[in-house]
Amino acid sequence: MNSNELKSVSRATSISRASTISRNQSLIKKNVAPHDLRPSDILIERFVAWKAIVKQLIAYFEGVADIENNTAKEMTKLGAVIQVPFRAGNQFLGEGGLQDIFYAIRDKTRVIADQHANLGRTIDSSIVQHLQKLRTEIKAHIKNVQNDTGKLATSVAKERELSTKLIADLSNSISTFTNTPMSVTSKTDPYVTNAAVMRQLTKQVHEENLLQKSIIIMQQNSAHFEEGIVRAIQSAWQTFDEWQSRMSASVQDTWRVLGGEMAELAPDREWLTFSARSDHLLDPETPLRNPETIMYPSKDDSSVLAVHTGLMERKKRFTRTYRESYFVLTPAGFLHEYASSDEREAQTPMFSLFLPACTLGPPSSNKSKSHKFHIEGRTDGLGTTKTGSIRARLGGSDHAWSFRSRSREDMMEWWNDIRMLCARYLVASEQMERSGPVAAAVRAAGYVSEEEESEEEEGSSVEEEEEDEYEDVANGDTEEPPSYTHPPHHELVDKNGYPVDKKEGADIGRRPSKRQMEKAPEGQPPHGHEHDTKQTVESKFTEEL
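Because the structure is predicted, anything quoted here is derived from the model rather than measured. Along each chain, numbering runs from 1 in the same order as the chain's sequence is written. Per-residue local features are limited, in this predicted model, to residues with pLDDT of at least 70; the limit for side-chain atom pairs, both in listing and counting, is 80 or more; totals at the level of whole chains, interfaces and linings are taken over all residues. Side-chain numbers come from the whole structure's heavy atoms, not from hydrogens or water.

1. What about the packing of aromatic side chains?
Two rings belonging to Phe, Tyr or Trp (six-membered ring only in the last case) form a pair when the distance between their centres is within 6.5 Å. Interplanar angles under 30 degrees mark stacking, angles over 60 mark edge-to-face geometry, and anything in between is tilted. A full pass over the atoms with the stated rule returns 12 aromatic pairs. Pairing Phe327 with Phe403 gives two aromatic rings, centres 5.7 Å apart and planes at 85°, and the pair type is edge-to-face. With Phe327 in strand 2 (residues 322–329) and Phe403 in strand 7 (residues 400–405), this pair connects stretches of sequence that are 76 residues apart. Each member of the pair, Phe327 together with Phe403, is buried. Among the aromatic side chains, those forming a connected cluster through ring pairs are Tyr60, Phe61, Trp237 and Phe240. The criterion is that NZ of a Lys, or CZ of an Arg, lies within 6 Å of the ring centre and within 35 degrees of the ring normal, and then a charge sits over that ring. Over the aromatic face of Tyr322 sits the side chain of Arg404, whose NZ or CZ is 4.0 Å from the ring centroid. It is Arg419 that lies over the ring of Tyr425; its NZ or CZ is 5.2 Å from the centre. Numbering goes from the N terminus for both helices and strands, where a helix is a DSSP run of H or I of at least four residues and a strand is a run of E of at least two. Exposure is judged per residue with a 1.4 Å probe applied to protein chains only, and the accessible area is read against the type maximum: over 50% gives exposed, under 20% gives buried, and values in between give partly exposed.

2. Comments concerning the sheet that holds strand 3 (residues 334–338)
In spatial order, the strands read 4-3-2-1-7-6-5-8; together these eight strands make up an open sheet with mixed pairing. Only two strands of the sheet have a single partner each, and these edge strands are strand 4 (351–354) and strand 8 (424–425). Bridge count between strand 1 (residues 308–315) and strand 2: eight bridges; the pairing is antiparallel. For Thr309, the partnering residue across the bridge sits in strand 2 and is Val328. A pair of strands is labelled paired if DSSP reports no fewer than 2 bridges between them.

3. Observations regarding the side chain of Arg160
Among the structural elements, Arg160 can be located in helix 3 (residues 98–179). Throughout this description, a polar contact denotes any pair of N or O atoms lying within 3.5 Å of each other; where both atoms belong to protein, one of them has to be capable of donating a hydrogen while the other can accept it, and for residues adjacent in sequence the pair is counted only when both atoms sit in side chains. At 2.5 Å, the side chain of Arg160 forms a polar contact with the side chain of Glu208.

4. Section: a nonpolar patch on the surface
Patch building starts from residues that exceed 30% relative accessible area and form no salt bridge, then joins like charges within 9 Å and nonpolar side chains (Val, Leu, Ile, Met, Phe, Trp, Tyr) within 5 Å. Here, Shrake-Rupley sampling with a 1.4 Å probe gives the accessible areas, and only protein chains in the shown set may cover a residue. In what follows, salt bridge is the name for a side-chain nitrogen of Lys or Arg lying within 4 Å of a carboxyl oxygen of Asp or Glu. On the surface, a nonpolar cluster with roughly 320 Å² of combined accessible area is contributed by Trp271, Leu272 and Leu281. Structurally, the position occupied by Leu272 is in helix 5 (residues 269–277).

5. A closer look at the nonpolar core
With 31 residues, the main nonpolar core has Val54, Phe61, Ile123, Leu131, Ile138 and Ile229 as its most contacted residues. Among the secondary structure elements, those contributing two or more residues to this core are helix 2 (41–81), helix 3 and helix 4 (190–264). The next biggest cluster of nonpolar side chains, apart from the first, holds 18 residues, and it includes Leu335, Phe373, Phe403 and Trp414. We call a set of buried Ala, Val, Leu, Ile, Met, Phe, Trp, Tyr and Cys residues a nonpolar core when their side-chain atoms join them within 4.5 Å.

6. Focus: the packing of helix 2 against helix 3
Two quantities define a packed helix pair, namely the angle between the helix axes and the distance between the axes. The convention used is that axes are lines fitted to C-alpha atoms, helices contributing only their stretch in contact, and that angles between N-to-C directions extend from 0 to 180 degrees. Where helix 2 meets helix 3, the axes come as close as 8 Å, and the angle between the chain directions of the two elements is 165°. By the angle class used here, helix 2 and helix 3 are roughly antiparallel. Seen from above, helix 2 lies across helix 3 with left-handed handedness. Ten residue types, Ala, Val, Leu, Ile, Met, Phe, Trp, Tyr, Cys and Pro, are classed as nonpolar, four, Asp, Glu, Lys and Arg, as charged, and the remainder, Gly among them, as polar. Its residues assigned to classes, the contact of helix 2 with helix 3 comprises 26 nonpolar, 10 polar and nine charged. The cut-offs work like this: below 35 degrees is roughly parallel, past 145 is roughly antiparallel, 65 to 115 is roughly perpendicular, and the gaps in between are oblique. Left-handed is the label given to a crossing in which the near helix is rotated counterclockwise from the far helix by less than a right angle, and right-handed is the label when the rotation is clockwise.

7. Observations concerning the pattern of salt bridges
By the definition in use, this model includes 11 salt bridges. With its nearest N and O atoms 3.8 Å apart, the salt bridge here joins Glu227 to Arg231. Pair noted here: Glu227 and Arg231 are both in helix 4, with a separation of four residues, about one helical turn. A relative accessible area of 40% means that Glu227 is categorised as partly exposed. A salt bridge links Arg314 to Glu337; the nearest nitrogen and oxygen atoms lie 2.7 Å apart. Of this pair, Arg314 sits in strand 1 while Glu337 sits in strand 3, and the two are 23 residues apart along the sequence. Each of Arg314, Arg323 and Glu337 takes part in a single network of salt bridges with overlapping partners.

Structure, rendered in structure tokens:
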């Protein structure tokens, strides 16, 4: 260390000492009351802080001891987990195998538990008790500081009060001598009063010096005592470090031994011994079973073989859109819908229709752009089910299901197979020629003739016009038979340019005349329109297709 560093250290030391002395003198000068005159309070506060620090350290080591004790308990429980000899003793080697290693694991675990327990007992019996004794010594030192300096501080306070009183008497004596010299007595003589003040101040100074010496001595003792505190803490920690290091090294050696024993075991030793003495192991050359060769009773029965399988589209009931699915037609009369053609993925039908309780509608014509047909349920039949079971329909309106195929050939194959299982089926009628005398006669059926008209009373002008019209037809004066005009057909298309199907249930038949409505029986359609009613029913299937 050079001279500059020595100077700086000595300067810092002198400054700290000067500041300490000046602070103590200021405390002695400023504190006047007996309860305020406590220059040793700084020492007391410091050692109270030391007592709190030692208390924290005691709590810390107590926690470490608890951890070690709990670790010992848990390691003991952990060692009990290893059950040796193995219950399945015939499965493993008795000696020289895995069972010997497990014996070592159980025993070494108990050894580790004992080492943790020893460390916990050492901390409790040696370190914690040593720190508790140190804390007791700190409390005793604080009490000594309070007792030694407390009495002297009280004496100094009393002397200061008496000095203050005598100095006040001296001022009064001088004032009396100055103002009324004839009233001065022997006791109030300024000379006598001043002598008393000098004696009191001298006594006060002696008490002040005694207090200061006591505080200095207590400071020196406190410095040595604080050194002892630090050494005691260092000794406690050194003891803990030695025991903990010894325990850790022992535990590490134990784990290292277990690791070496585990690594020396051959991975296939147990299996080779087991396979050598076992007669029930399979030969690796045994061929695997083929799912395609599975045989069981009634596997090829006609009732379990599908009549027809393939992809079709079914119109959804609420969204009115088509969705393609995999359909299976069974000999029992069910049309099942599956989400996939893979039997492993689709085990339960999403939709099932019992065909013997349904009516099959006619297929779409050759000129139709979409290849579809309808199946309608009967009110006296059985309804559909989502699980494949049959539920009785208790009434309500019939429902029709629409199915669509990719091609007409595919549609006709489905239709012909379904036709054999349905209760009834409909066939679309061929288009008839609607012109000529036969069609005119059919359309004029139900109107009155000329003889019947002459017997009736004279009617309205509208009736006369109708009769004249039919008379002209009968005489052959018109070039073609009368017919009902229809508005020109305009094909509707959507925004993508595809044709839109006609609205279901649209009435395309002709309306009866007023005279036919009047002569028709109550509750029945006019004569000549029964065929139109039937044609309307049949046209529903045709329009849906």
